[in-house]
Amino acid sequence: MRVKDDALRTSAALAGLAYLSLMSPVTTQAAERWFLMSRHGDCAEVGVLKRKVPDLDEVSDPDAFVSFMRQKGYEVTSTQVAVPRGKAQEVKVPQKELFLIFVTPEMCNSHETR
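Residues numbered from 1 in each chain as written. Predicted model: local features only at pLDDT ≥ 70, side-chain atom pairs only at ≥ 80, totals over all residues. Heavy atoms only, no water.

## Some words on the overall build of the protein
Here's step 1: Across its full length, the protein holds 2 helices and 5 strands.
Here's step 2: Mapped in sequence order, the helices and strands of the protein form the string α-β-β-α-β-β-β.
Here's step 3: Across the 114 residues in the protein, those meeting the buried criterion constitute 26%.
Here's step 4: For the protein, restricting intrachain contacts to residue pairs at least 6 apart in sequence, the fraction spanning at least 24 positions comes to 46%.
Here's step 5: For the protein, the computed accessible surface area is about 7,900 Å², with 56% contributed by carbon and sulfur atoms. (Helix = DSSP H or I, 4+ residues; strand = E, 2+ residues; numbered from the N terminus. Buried < 20%, exposed > 50% of the residue type's maximum accessible area, 1.4 Å probe, protein only. Contact = heavy atoms within 4.5 Å. Areas by Shrake-Rupley, 256 points an atom, 1.4 Å probe, with all protein chains shown as cover.)

Right under this line is the structure:
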């Protein structure tokens, strides 16, 4: 009986870890600092998007931006991009002529931002 109980506990623990790993990208991404990458590798604060999207709330990561734009009725595509360090996510909103690359600080030239 003890072996069955141990097996059930192990299975439950593994299922819990699998569930948490599925949930963690959403929660950790919001805690990370994100920037917008320019053509030359420089980075700017996400807030500069207010020039093109004046009613943009306090959006600071790609997933929040995607959700915000979809709520506004725009068609949005979002793709994670494989990079050698840090993280990058491409976000396109063709109706607003927005073709963006969100990156974490590791992707910015010299870690400097504007």
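There's more to say after this.
## Details of unusual backbone geometry
Here's step 1: Notably, E97 is not glycine yet its phi reads approximately 55 degrees, a positive angle.
Here's step 2: Note on placement: E97 falls in the loop between β4 (88-93) and β5 (98-103).
Here's step 3: Residue class for E97 comes out exposed when judged on its relative accessible area of 59%.

## Observations concerning the side chain of D61
Here's step 1: Relative to the elements of secondary structure, D61 occurs in the loop between β2 (43-45) and α2 (62-71).
Here's step 2: With no salt bridge to any partner, buried D61 finds its closest opposite charge in K87, at an N-O distance of 11 Å. (Lys, Arg positive; Asp, Glu negative; His and termini not counted. Salt bridge = Lys/Arg side-chain N within 4 Å of Asp/Glu carboxyl O.)

## Considering the environment of A88
Here's step 1: Locating A88 in the fold gives a position in strand β4.
Here's step 2: Sequence separation between A88 and M107 is 19 residues, and the spatial gap between their C-alpha atoms is 7.9 Å.
Here's step 3: Apart from the residues lying within four places of it in its own chain, the contact partners of A88 are W34, T79, Q80, V81, V83, I101, F102 and V103.

## Examining the confidence of the model for the protein
Any segment with low pLDDT has predicted coordinates that should not be analysed in fine detail.
Here's step 1: Looking at the protein, the pLDDT average stands at 77 and 69% of residues meet or exceed 70.
Here's step 2: Per-element confidence in the protein is highest for β4, whose mean pLDDT is 98, and lowest for helix α1 (residues 2-31), whose mean pLDDT is 40.
Here's step 3: Here residues 2-30 is modelled with pLDDT under 50, and outside its nearest four sequence neighbours on either side it reaches 8 contacts, counting other chains as well. (pLDDT = per-residue confidence, 0-100.)

## Quick notes on the pairing of strand β3 (residues 77-81)
In regular strands, side chains alternate between the two faces of the sheet.
Here's step 1: The sheet contact formed by β3 and β4 spans 5 bridges and is antiparallel. By the bridge assignment for β4, T79 is matched with E90.
Here's step 2: If you look at the hairpin formed by β3 and β4, you'll find 6 residues sitting between the two strands, and G86 has a positive phi there, around 70 degrees. (Pairing = 2+ DSSP bridges.)

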